[in-house]
Amino acid sequence: MRRKAKQTRSIVTTNAILMAAAEVLEDFGYNRATTDRIAERAGVSIGSVYQYFGNKLELFERVFDRQSDLIVTGLQSYRIDESIPPSANLQKLLDISQGNMTPGQFRELGRIPELKGRIAHVSEVVLSAIAEFVGHFHPQLPDKDRRIKAELIGASAQSLGLIRRDKKGLTGAIALDL
């Protein structure tokens, strides 16, 4: 990153650029996303984009890093609520695992070769959290089986679209029995 935003106005500008980048990523995909489009969507000059970000890749790395920080921090603070059913707890866990990304944004970030290792790391954190969740409700299961169940839950939620988000947020819910 070129310049770190310190003052309130520059923090607001940086946030606007990052939000615009996420929207442009959703609307155009990574290959067709341009810093000009991002600047226009953010309502800033192209010079402002380059003041804080060296290039398009650096900008999208920052978009991903913000999301991964949100996901990892959320998973670290997640606690099972014994007053609600396991399926509702799982829904909360899966919501945290997705962060604020839409499926389209996640798909497009996954196409950036420089992010593959970071995505794999966050995916591992998510699977570990789901395995821990499974272990809470099935303490008799060996770790290997918890991991298998976690992988099945994660893959099912993703491929079946049990977690749905549009640009405004969550639009669907999950109902899986453990």
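In what follows, the structure referred to is the one given above.
Residues numbered from 1 in each chain as written. Predicted model: local features only at pLDDT ≥ 70, side-chain atom pairs only at ≥ 80, totals over all residues. Heavy atoms only, no water.

Engineer: What am I meant to see in the overall build of the chain here?
Structural biologist: When helices and strands are tallied, the chain shows 8 helices and 2 strands. Taken from the N to the C terminus, the helices and strands of the chain come in the order α-α-α-α-α-α-α-α-β-β. Residue burial in the chain is summarised as follows: out of 178 residues, 42% are buried. Within the chain, counting contacts between residues at least 6 apart in sequence, those at least 24 apart form 63% of the total. About 10,100 Å² of surface is accessible on the chain, with carbon and sulfur atoms providing 53% of the total. (Helix = DSSP H or I, 4+ residues; strand = E, 2+ residues; numbered from the N terminus. Buried < 20%, exposed > 50% of the residue type's maximum accessible area, 1.4 Å probe, protein only. Contact = heavy atoms within 4.5 Å. Areas by Shrake-Rupley, 256 points an atom, 1.4 Å probe, with all protein chains shown as cover.)

Engineer: Could you clarify how one ought to interpret the packing of helix α5 (residues 86-98) against helix α7 (residues 116-137) in this entry?
Structural biologist: Helix-helix packing is characterised by the crossing angle of the two axes and by the distance between the axes. Packing of α5 against α7 brings their axes to within 10 Å, and their N-to-C directions diverge by 170°. When the axes of α5 and α7 are compared, the pair comes out roughly antiparallel. Between α5 and α7, the residues in contact are Pro 86, Asn 89, Leu 90, Leu 93, Leu 94 and Ser 97 and Val 126, Ala 129, Ile 130, Phe 133 and Phe 137, respectively. Taken together, the residues that form the contact of α5 with α7 break down as 9 nonpolar, 2 polar and no charged. (Axes fitted to C-alpha atoms, helices over the stretch in contact; angles between N-to-C directions. Parallel < 35°, antiparallel > 145°, perpendicular 65-115°, else oblique. Nonpolar A, V, L, I, M, F, W, Y, C, P; charged D, E, K, R; others polar.)

Engineer: What's the story with the packing of aromatic side chains in this structure? I'm lost.
Structural biologist: In the structure shown here, the tally under the stated rule is 2 aromatic pairs. Considering the side-chain rings of Tyr 30 and Phe 60, the 5.5 Å spacing of their centres and the 75° angle between planes classify their relative orientation as edge-to-face. Taken together, the positions of Tyr 30 in helix α1 (residues 8-32) and Phe 60 in helix α4 (residues 56-77) put the pair 30 residues apart, joining distant regions of the chain. You'll find Tyr 30 and Phe 60 in the same group, each marked buried. A cation sits over an aromatic face here: Arg 37 above Phe 28, 3.8 Å from the ring centre. Sitting above the plane of the Tyr 30 ring, Lys 56 keeps its charged end 4.2 Å from the centroid. (Phe/Tyr/Trp six-rings, centres within 6.5 Å; stacked < 30°, edge-to-face > 60°. Lys NZ or Arg CZ within 6 Å of the ring centre and 35° of its normal.)

Engineer: Any chance you could explain the nonpolar core here in plain terms?
Structural biologist: Side chains that are nonpolar tend, in soluble globular proteins, to be buried together. Counting residues in hydrophobic clusters, the biggest one holds 42 residues, and the most contacted among them are Ile 17, Ile 38, Leu 59, Phe 60, Leu 93, Leu 109 and Ile 130. Contributing elements (two or more residues each) for this core: α1, α2 (35-42), α3 (46-52), α4, α5, α7 and α8 (143-159). The biggest single contributor to this core is α7, with 9 residues. Excluding its chain neighbours within four sequence positions, the residues that come into contact with Ile 38 are Ile 17, Ala 20, Ala 21, Val 24, Leu 59 and Phe 60. (Core = buried A, V, L, I, M, F, W, Y, C linked by side-chain atoms within 4.5 Å.)

Engineer: Can you walk me through the pattern of salt bridges in this structure?
Structural biologist: Pairing between side chains of opposite charge can happen when their charged atoms approach one another. In this structure the tally under the stated criterion is 9 salt bridges. Residue Asp 65 is joined to Arg 118 by a salt bridge in which the shortest nitrogen-to-oxygen separation is 3.0 Å. Of the two residues, Asp 65 is situated in helix α4 and Arg 118 in helix α7; the sequence distance between them amounts to 53 residues. Among the residues examined, Arg 118 registers a relative accessible area of 31% and is labelled partly exposed. Connected through shared salt-bridge partners, Glu 23, Asp 27 and Arg 41 make up one network. (Salt bridge = Lys/Arg side-chain N within 4 Å of Asp/Glu carboxyl O.)

Engineer: Looking at this structure, how should I read α5?
Structural biologist: The α-helix winds at 3.6 residues per turn, so residues separated by three or four positions along the chain end up facing the same way. End to end, α5 covers 18 Å across 13 residues, agreeing with the expected 18 Å (1.5 Å per residue, within 8%). Asn 89, Leu 90, Gln 91, Leu 93, Leu 94, Asp 95, Ser 97 and Gln 98 are the residues of α5 that are buried. With its phi angle positive at about 65°, Gly 99 sits one or two positions after the end of α5. (Expected span 1.5 Å × (residues − 1).)

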